[in-house]
2 protein chains.
Amino acid sequence: MTARAADPANRTAAEAAGKRTLADDAYAELKARIMRSELAPGAKLSIDGMAKELAFSQTPIREALARLESEGLLARRPLSGYTVEPLLSAAEFADLFDLRMMLEPLAARRAAERLAAEAELGGAAAAEPVQGPAAGLFDAARTPHPSAGKLEFTEADRRFHDAVAECSGSVQIAKAIRRLDAHLHLHRAYIAPESIGETEAEHLAIADAIIAMKPLAAEEAMRRHLERSKVRHAAAFTAANAEAVSKPKRARANR
Amino acid sequence: MTARAADPANRTAAEAAGKRTLADDAYAELKARIMRSELAPGAKLSIDGMAKELAFSQTPIREALARLESEGLLARRPLSGYTVEPLLSAAEFADLFDLRMMLEPLAARRAAERLAAEAELGGAAAAEPVQGPAAGLFDAARTPHPSAGKLEFTEADRRFHDAVAECSGSVQIAKAIRRLDAHLHLHRAYIAPESIGETEAEHLAIADAIIAMKPLAAEEAMRRHLERSKVRHAAAFTAANAEAVSKPKRARANR
DNA sequence: CGCGACACTATCCTATAGGATATTCGGCAT
DNA sequence: ATGCCGAATATCCTATAGGATAGTGTCGCG
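Residues numbered from 1 in each chain as written. Chains lettered and ligands numbered in written order. Predicted model: local features only at pLDDT ≥ 70, side-chain atom pairs only at ≥ 80, totals over all residues.

As recorded in an unreviewed UniProt entry, chain A goes by the name FCD domain-containing protein, listed as coming from Glycomyces albidus.

Below, the structure written as structure tokens:
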């Protein structure tokens, strides 16, 4: 009845635009809060606490939580509630980045290949809506604006990688990448602000290579970007860990 | 308060076997039914129909359905119910197999590498529980028994690939593979019975290579297995499609 | 002073009722 | 005969109440 706030960012669940249920809203809102680190990793989520806070009933909250749990962002302990999945350990982080290093360069290569193939056979207009993705990709690469909040940057970063994945033409690869991305997003909060410009430059290089239809260059650019990104994250990673050790207080974010 | 008498299984499960809720049971049961093709692709699932059929309330059913939807096995149309995701089109199938071809050979290689590494440094006993996975892997490869039902075979097939993924040591890769596997499972129902022995031989070859700690051989064996498997599936695929065209009646499996 | 048992509280899980919406079927006009 | 429109139905979505369970704090005893 109340709280029908607009949240255009999620495209996950429903294909139809006008069919939003309260469960969808709750899902989007909770996911956004996790992404924004308003719900700290390790925090405990109480069902009716969230229900009261969002002014929903328990049922849509429960549905949203089930979805988030299946996505890997939440952990469920059967009779004691949901908790936000904690930050990845060093090993888990390496593992995740490992798979990412396998998927994303491939996606970049595919994107360039696909663009080339379609430019070749259909120089004119019509058949496939490829122009959209490519243009969006370039936009996404540029979006890390010079002096905005860190939150906007992490979101733009996510969007760019998502756009590349989308351009690859493989929905399965795109899905896999998006899934990994959701987990990494929590760690993005710990990057150093100085590296934003660096990241943007690398993104632009990737976008250029794709739009120039150079598959190998795109793949290599993405690989280089991920390598450097891994180093950047690792630096922030140890710093965050040190901080976490110095403050072992358990965060609580429910009500 | 009612409907507790006719279900003796749930109390024992919840009390003895750890932490199972009705939602978990509903999820497992529904997933099993989908896997067994008792719920045909495209079939419509009604929430309270399922609730009545499983003698649960709507809430656990709803939670289970939300999880299955997030897993990609069900599609949700916001105000008109859930439907079982239809069989993949040829293009989608190729796309999925493409990613599989990327992931699974890698997993096989990793499994062999990991086994070799751990055999090298810890010849004796103790530290890591690696013996379990390797042994389970060999068992899983053998399980396609000569003359059982087709259902048992498809399940064993799934288990074997799952075991290899598990042995890779990368939880992310394992998760990705498992996800793809769930989708492929529906198509496994259409394979020809003659190819069972063939599949088993290929599985055994993979397991042998892994246990012999030959990474490249394992990778190649898996790749070959997938290639052949793709062909086998493709044959059954066109057959199933022809049949589907001849019988365009919409399946209904709710109540 | 440490440890175990007990009771209490908070929370989850389940069940049922009511309001809102999409789908469907029948009738009518063209 | 076909297409459009309206009412009835089925289903979903939401809300609230009650029973059961895990976690926590306190008290008593060794």
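Let us keep going from here.
1. A few points about the interface of chain A and chain B
The partner chain B presents 23 residues to the 25 residues of chain A that form the contact. For the side of chain A that touches chain B, the secondary structure elements donating two or more residues are helix H3 (58–71), helix H4 (90–121) and helix H7 (171–188) of chain A. The element contributing the most residues to the side of chain A that touches chain B is H3(A), with seven residues. Here the side of chain A that touches chain B is composed, by residue class, of 13 nonpolar, five polar and seven charged. (Contact = placed C-beta atoms within 7 Å. Helix = DSSP H or I, 4+ residues; strand = E, 2+ residues; numbered from the N terminus. Nonpolar A, V, L, I, M, F, W, Y, C, P; charged D, E, K, R; others polar.)

2. Digging into the packing of H4(A) against helix H8 (residues 195–211) of chain A
All names here are of chain A. Close contact between H4 and H8 brings their axes to 8 Å; oriented N to C, the two are set at 35 degrees. Residue-level inspection shows Ala 108, Ala 111, Ala 112 and Leu 115 of H4 in contact with H8, the latter providing Ile 206, Ala 209 and Ile 210. Looking at the contact of H4 with H8 residue by residue, the classes come out as seven nonpolar, no polar and no charged. (Axes fitted to C-alpha atoms, helices over the stretch in contact; angles between N-to-C directions.)

3. Quick look at the relation of the copies chain A and chain B
Aligned on chain B, chain A shows an RMSD of 0.0 Å; the corresponding rotation is 180 degrees and the shift along the axis is 0.0 Å. The transformation just described matches what one would write down for a two-fold rotation axis. The residues that chain A uses at the interface reappear at the interface of chain B in 92% of cases, marking a shared surface. (Least-squares fit on C-alpha atoms with pLDDT ≥ 70 in both.)

4. Considering the protein's contact with DNA strand D
Close to DNA strand D lie 19 residues; Leu22(A), Ser57(A), Ser46(B), Ile47(B) and Gly81(B) are nearest. Ranked by residues supplied to the surface near DNA strand D, first place goes to H3(A) with three residues. Tallied by class, residues from the surface near DNA strand D come to ten nonpolar, eight polar and one charged. (Near = placed C-beta within 6 Å.)

5. Here we look at unusual backbone geometry
Residues and elements named next belong to chain B. Here Ala 55, not a glycine, exhibits a phi torsion of approximately 65 degrees, which is positive. Mapped onto the fold, Ala 55 is located in the loop between helix H3 (47–54) and helix H4 (58–71). In this structure Ala 55 comes out as exposed when scored by C-beta crowding, with 12 C-beta atoms within 10 Å. A positive phi angle, close to 60 degrees, is found at Met 213, a residue other than glycine. Position of Met 213 among the secondary structure elements: in the loop between helix H9 (195–211) and helix H10 (215–246). Met 213 gets classed as partly exposed once you count the C-beta atoms within 10 Å, which come to 19. (Buried ≥ 20, exposed ≤ 12 C-beta atoms within 10 Å, placed from the backbone.)

6. Notes on the pairing of strand E3 (residues 81–84) of chain A
All names here are of chain A. Residues Tyr 82 and Val 84 point to one face of E3 and are all buried, whereas Gly 81 and Thr 83, pointing to the other face, are not buried. Here strand E1 (residues 44–45) pairs with E3 via two bridges, running antiparallel. Bridge assignment links Lys 44 to a residue of E3, and that residue is Thr 83. Across four bridges, the pairing between strand E2 (residues 74–77) and E3 is antiparallel. Counterpart to Arg 77 in the pairing with E3 is Gly 81. (Pairing = 2+ DSSP bridges.)

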